[in-house]
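Here are the chains, one letter per residue:
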Amino acid sequence: MEIYKLRAERSTLHGSFSKEIEPALTINSGDSVQFQTLDGGWGYYCQTNGKRMKFPERNRETDKGHALCGPIYIHGAKPGMTLEVQINNLVPGACGFTSAGQWPNWQNQKLNLMQYNEITLDWKLDVQEMIGQTTIRDRIFSVDLKPFMGVMGMPPDEPGTHSTFPPRFCGGNIDCKELTRGSSLFLPIPVEGALFSVGDGHALQGDGEVSCQAIECPMELADLTFYIHDQMSITMPRARTPLEWITFGFHEDLNEAAVQALDGMLDLLREQYGIHRVEAMALGSAVIDLRITQIVNGIKGVHACISHEALRVSGV
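Everything in this summary refers to the structure shown in the same document. (Residues numbered from 1 in each chain as written. Predicted model: local features only at pLDDT ≥ 70, side-chain atom pairs only at ≥ 80, totals over all residues. Heavy atoms only, no water.)

We now examine the side chain of Asp31. Mapped onto the secondary structure, Asp31 falls in the loop between strand S3 (25-27) and strand S4 (32-37). One buried charged residue, Asp31, remains without a salt bridge, the closest side chain of opposite sign being Lys5 at 14 Å. Within polar-contact distance, the side chain of Asp31 engages the backbone nitrogen of Asn28 at 2.8 Å. Beyond its immediate sequence surroundings of up to four residues, Asp31 is in contact with Met1, Glu2, Tyr4, Leu224, Thr225 and Phe226. (Helix = DSSP H or I, 4+ residues; strand = E, 2+ residues; numbered from the N terminus. Buried < 20%, exposed > 50% of the residue type's maximum accessible area, 1.4 Å probe, protein only. Lys, Arg positive; Asp, Glu negative; His and termini not counted. Salt bridge = Lys/Arg side-chain N within 4 Å of Asp/Glu carboxyl O. Polar contact = N/O pair within 3.5 Å; in protein donor to acceptor, adjacent residues only side chain to side chain. Contact = heavy atoms within 4.5 Å.)

So this is what it looks like as structure tokens:
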């Protein structure tokens, strides 16, 4: 099993999903890749004053979405199989930002925030202590960091380029804060070789990502290991974290997203315990949590969660 490094540079960066993009790297199942990524807004690096430097070579026509690193071609990956992305380590850069106000999204309209000029919080990130700090009105606000990657995914098996902004069945802008170190994300493989890309580093985010942004940051390290499961067939993403199993739903309507997430969790309970979906629904009502993943990507997200310790099974 090999370990590769992929730095954020023009040859490895792209701002859309497409099966027509040439792979930046070819690996085997079981190999690891240590990525360096820009922040989702194409910030290049953090200066000593804590400000971000914009990437100088962004193409405004082809790089309209998040700055993604890749794609990675994986030998043996074929449509119908499942890709497991094991998250080994995540190290943010030294700075980040969060903006709010003015932009005409639906939540700013509903909350009457469009009348205010957009503001941006600049965050200084201490990756040794895992603490972030920003200043508002001469007061310093501190938070504990919990980094994760907002975008992990593959292109659909369709021609042309596809936006990085919505989450899809094959991954993308999922923005799930639970996908931290020690977790695995499972994705249906849509194209030969998988063509996996990653980006949109977040130092910290609340469920919902309510302003449209988390603490957006570059990642000095996103260490991922890739496994192909040829006997595992899923239709939507699921994840295993150190604490729980997670299934996902994506739709413009939060009710429909919730149904998709629940559908995936009923399948998971049926697979694990050999019970009927109706039995899984009744049992799950006591132990399944529904959470809003994000409300800001056009396609909204809901994830269903069940703790590894929630169910204890014994014979009658």
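If you walk across this open sheet you meet the 9 strands as S1-S4-S18-S8-S16-S19-S20-S22-S21, and the pairing is mixed. Each of the sheet's edge strands pairs with one partner strand only, and the pair in question is strand S1 (3-6) and strand S21 (289-294). Here the strands of the sheet are splayed against their neighbours by 25° on average, with no regard to which way each runs. The sheet contact formed by strand S19 (residues 238-240) and strand S20 (residues 244-251) spans 3 bridges and is antiparallel. Note that in S20 the partner of Ala239 across the bridge is Ile246. This element, helix H2 (residues 254-273), spans S19, S20, S21 and strand S22 (300-307) of the sheet and lies at about 145° to S20. (Pairing = 2+ DSSP bridges. Axes fitted to C-alpha atoms, helices over the stretch in contact; angles between N-to-C directions.)

Right, let's get into empty space enclosed by the protein. All chains considered together, the criterion is met by 1 cavity of 30 Å³ or more. When its residues are assigned to classes, the lining of the largest cavity shows 5 nonpolar, 4 polar and no charged. (1 Å grid on protein atoms, 1.4 Å probe; cavity = no way out; pocket = protein on both sides within 12 Å on 5 of 7 lines; lining within 4 Å. Points joined across faces, edges and corners; volume = space filled by probe spheres on them. Nonpolar A, V, L, I, M, F, W, Y, C, P; charged D, E, K, R; others polar.)

Phe35, Ile74, Leu83, Met152, Leu185, Phe196 and Phe226 are the most contacted members of the largest nonpolar core, which has 45 residues in total. Here the element with the most residues in this core is strand S18 (residues 219-229); it accounts for 5 residues. Excluding its chain neighbours within four sequence positions, the residues that come into contact with Leu185 are Leu83, Glu84, Val85, Met152, Ile174, Leu179, Pro237, Arg238, Ala239 and Phe248. Listed in part, the 18 residues of the second largest apolar core include Ile234, Ala261, Val287 and Ile288. (Core = buried A, V, L, I, M, F, W, Y, C linked by side-chain atoms within 4.5 Å.)

A word on the layout of surface pockets. As a volume, the largest pocket reaches approximately 770 Å³. In this structure, the largest pocket is lined by 35 residues; those nearest its centre are His66, Trp103, Phe165, Cys212 and Gln213. For the lining of the largest pocket, the elements supplying multiple residues, two or more each, are strand S6 (52-54), strand S9 (95-100) and helix H1 (106-110). Among the residues making up the lining of the largest pocket, the classes are represented as 9 nonpolar, 15 polar and 11 charged.

So, about helix H3 (residues 277-287). Within H3, burial applies to Ala280, Gly284 and Val287. Down the axis, H3 shows its buried residues gathered within 60° of arc, on one side only. Away from its buried face, by an angle of more than 90 degrees, H3 presents the exposed residues Val278, Ala282, Ser285 and Ala286. The secondary structure elements touched by the buried residues of H3 are H2, S21 and S22. (Arc of directions from axis to C-beta.)

Turning next to unusual backbone geometry. Omega for the peptide link from Gly70 to Pro71 comes to -5°, which places this bond in the cis form. Its place among the elements puts Pro71 in strand S7 (residues 68-74). Residue Asn112 is not a glycine yet carries a positive backbone phi of 55°. Structurally, Asn112 is set in the loop between H1 and strand S10 (119-126). Even without being glycine, Glu209 reaches a positive phi, approximately 50°. Inspection of the secondary structure puts Glu209 in the loop between strand S17 (194-202) and S18.

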